[in-house]
Amino acid sequence: IITAKQHSPPFPPKRGAMPEPKHFKNYIGGAWVEAAGGERYENRNPADTEDLVSTHPSSDARDVDAAVAAAKEAFEGWRLVPAPERGLLIMKAVEILKARKEEISQMMTREMGKVIAETRGDTQEAIDCGAYAAGEGRRLFGRHTPVEMRNKFGMAIRQPVGVCGMITPWNFPLAIPSWKMFPALVCGNTCVIKPATLTPASVANFMEVFEEAGFPPGVVNMVTGGGSTVGRAIVEHPDVNRVSFTGSVEIGNLLAGQCGALGKPFSAELGGKNAQIVMDDANLPLALDGVLWGAFGTTGQRCTATSRLILHEKIHDAFVEMLVERAKKLKVGNGLDETVDMGPAVSEDQLKTDLYYIEVGLKEDKAELVLGGKRLTGGAYDNGFFIEPTIFTGVKPGMRLEQEEIFGPVLSVIKVGSFEEAIRVQNDTAFGLSSSIYTENVNLAFKAIQDIEAGITYINGPTIGAEVHLPFGGVKGTGNGHREAAWTVLDFYTEWKSVYVEFSGKLQ
């Protein structure tokens, strides 16, 4: 839970305390190699742009060709490794992640900005995902079914699909790659991953973990660079058999069309405009903790972030007063400072997007700005992309603030008169990822579970957070029907084969 602290400019660690920048290469075929074109780019800390975290290759289609060729060659041996043995190798990677957790988390905070407690959670989620996937090495269940004739046997088994391409976002630089790679690997596939250009170091660290664990060359491969070059080359490569993407709606829909034209299965986890409903019978202090964490954790840069707060009219005014009082005490600053509650926007472009939507709220939507709304400057803020936690009230259904994904710490508050109206407002968006309702009424809780249009529903909890053994994904514009994590992801990374064994000795 974000605690209330006096708002004051934080002081980042002294320059001499910062580690030297790491200079990563692509990881292809079990070797660290430069991009074919020889170009590189910088990865800087959004909380302090003078802090150079790492440098990385600016790759192109030639590098993707090499990675896919290595993955295709490795697949022939990897698919024949018994699944329990693949699981044991994944557990070796998990143990290395545990040993390197603090180091990886510190670098993650430096490259994407969220507070250190959250990046530790990001790394822990990768650890949990690996442990879960490793266990599937002894499961990967198929089906046995009765057949129509005597002396005949029927079953369905899972088989790996080959080379899988992954394109991952910057907000969960290790957790989301782990959701994609660990399940694909335990199923017997090989991987080519393109990390987000803003957060490549976390995935490079992930490659080091796989290398230390002893994964055969070519089973995992990483190519860094831009989406228009590396991402496009992965999607269009004829030897990539599956593509898994997490990112924006616009890019996801574009890739879905490309994969559809190529006859290539595509898994998409896209945007959200998630709402927390607070009914008049709710535990208000609990709901307050939930919305503070959901709206301002990760600087609002989660696909599950609480972007809308739907309040019953009977508690609206009192709850807004409580919310503003708590939110204005949140400490914004460098995420390496353990006392900080909210870090910077991940980049200058994202900061500009946040400020743009604040202007939309003020000028176009005519909503009431009750907290924040400005870029933070002065002192330690000058070298980073910091913004105040921002709250609008008087937001009406259909306003742009209420409908469009912002991906920043901008919360819209909507007043409703009934449970039924709250559900209508909750569902009236193009998205359907996460949702939340706070109520002490068990009947309303189960009606919400039934009626909310979302892939995730929390009762008396915030819209954010996921456990690796439950499916993750959404409905409507949030995705294309697939789910990540849990047992459901196995269907994307395997093909079903029906097998008939005839032991009658005759044609039946």
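In this text, all values refer to a predicted model and were calculated from it rather than measured experimentally.

**A short note on the confidence of the model for the chain**
At step 1: When the pLDDT values of the chain are averaged, the result is 95; 97% of them are 70 or greater.
At step 2: Within the model, the stretch residues 1-13 combines pLDDT values under 50 with 43 contacts to residues more than four positions away or in other chains.

**Some points on unusual backbone geometry**
At step 1: In this structure, Leu140 takes a positive phi of about 40° despite not being glycine.
At step 2: Topologically, Leu140 is positioned in the loop between helix H4 (116-136) and strand E6 (143-145).
At step 3: You will see that Asn151, though not glycine, has its phi angle at about 55°, which is positive.

**Here's the deal with the packing of aromatic side chains**
Centre distance and the angle of the planes are the two values used to describe a pair of aromatic rings.
At step 1: Tallied over the full model, the rule gives 12 aromatic pairs.
At step 2: Judged by centre distance (4.7 Å) and plane angle (55°), the rings of Trp179 and Phe472 are tilted. You can see Trp179 sitting in helix H5 (residues 175-186) and its partner Phe472 sitting in the loop between strand E20 (456-459) and strand E21 (475-476), a full 293 residues away along the chain.
At step 3: The exposure class of Trp179 is buried, given its relative accessible area of 6%.
At step 4: Residue classification places Phe472 among the buried positions, given a relative accessible area of 5%.
At step 5: The structure contains a cluster of three or more aromatic residues connected by ring pairs, namely Trp78, Phe182, Phe206, Phe210 and Phe215.
At step 6: Here the basic side chain of Arg242 rests over the ring of Phe492, its NZ or CZ set 5.8 Å away from the ring centre.
At step 7: Over the aromatic face of Trp293 sits the side chain of Arg302, whose NZ or CZ is 5.6 Å from the ring centroid.

**Things to note about the sheet that holds strand E22 (residues 494-502)**
At step 1: Pairing in this open sheet of 3 strands is antiparallel, and the strands run E6-E7-E22 from one edge to the other. Every interior strand has two partners, whereas the edge strands, E6 and E22, have only one. Taken pair by pair, the neighbouring strands of this sheet meet at an average axis angle of 20°, ignoring direction.
At step 2: Here E6 pairs with strand E7 (residues 152-160) via 3 bridges, running antiparallel. Among the inter-strand pairings, Thr145 is bridged to a residue of E7, identified as Gly154.

**Focus: the pairing of E20**
At step 1: Summarising the sheet, strand E19 (residues 434-438) and E20 pair through 4 bridges and their orientation is parallel. Looking at E20, one finds that Ile437 is bridged to Ile459.
At step 2: What joins E19 to E20 is helix H14 (residues 442-451), and the crossover it makes is right-handed.

**Considering helix H11 (residues 348-364)**
At step 1: Compared with an ideal rise of 1.5 Å per residue, which puts 17 residues at 24 Å, H11 spans 23 Å between its outermost C-alpha atoms and is within 8% of the ideal.
At step 2: Buried residues of H11: Gln350, Leu351, Asp354, Tyr357, Ile358, Val360 and Gly361, and no others.
At step 3: Elements in contact with the buried residues of H11: strand E16 (390-393), helix H12 (400-403) and strand E17 (410-416).

**Considerations on the nonpolar core**
At step 1: Within the largest apolar cluster, 64 residues are counted, with the highest numbers of intra-cluster contacts made by Leu97, Met181, Phe182, Leu185, Met207, Phe210 and Phe215.
At step 2: Within the second largest apolar cluster, 29 residues are counted, among which are Ala287, Val291, Val320 and Met342.

**Digging into the environment of Pro82**
At step 1: Inspection of the secondary structure puts Pro82 in the loop between helix H1 (61-78) and helix H2 (83-99).
At step 2: Linking Pro82 and Val186, residues 104 residues apart in sequence, is a C-alpha distance of 9.4 Å.

**A word on H2**
At step 1: Compared with an ideal rise of 1.5 Å per residue, which puts 17 residues at 24 Å, H2 spans 25 Å between its outermost C-alpha atoms and is within 8% of the ideal.
At step 2: Listed in full, the buried residues belonging to H2 are Ala83, Arg86, Gly87, Leu89, Ile90, Ala93, Val94, Ile96 and Leu97. Along the long axis of H2, the arc covered by the buried residues comes to 170°, so they all point the same way. The exposed residues of H2 that point more than 90 degrees off its buried face are Leu88 and Ala99.
At step 3: Here the buried face of H2 lies against H1, helix H3 (101-112), H4, H5 and helix H6 (200-213).

**Section: the state of the cysteines**
At step 1: According to the stated counting rule, one finds 0 disulfides in the structure shown.
At step 2: Note on Cys164: no disulfide assigned, nearest cysteine sulfur contributed by Cys191 at a separation of 5.8 Å.
At step 3: With relative accessibility at 1%, the residue Cys164 sits in the buried group.
At step 4: The structure places no disulfide on Cys259, whose sulfur is separated from the nearest cysteine sulfur, that of Cys164, by 12 Å.

Criteria and thresholds
- Residues numbered from 1 in each chain as written.
- Predicted model: local features only at pLDDT ≥ 70, side-chain atom pairs only at ≥ 80, totals over all residues.
- Heavy atoms only, no water.
- pLDDT = per-residue confidence, 0-100.
- Contact = heavy atoms within 4.5 Å.
- Helix = DSSP H or I, 4+ residues; strand = E, 2+ residues; numbered from the N terminus.
- Phe/Tyr/Trp six-rings, centres within 6.5 Å; stacked < 30°, edge-to-face > 60°.
- Buried < 20%, exposed > 50% of the residue type's maximum accessible area, 1.4 Å probe, protein only.
- Lys NZ or Arg CZ within 6 Å of the ring centre and 35° of its normal.
- Pairing = 2+ DSSP bridges.
- Axes fitted to C-alpha atoms, helices over the stretch in contact; angles between N-to-C directions.
- Right-handed = clockwise from strand over helix to strand, strands pointing away.
- Expected span 1.5 Å × (residues − 1).
- Core = buried A, V, L, I, M, F, W, Y, C linked by side-chain atoms within 4.5 Å.
- Arc of directions from axis to C-beta.
- Disulfide = S-S within 2.5 Å.

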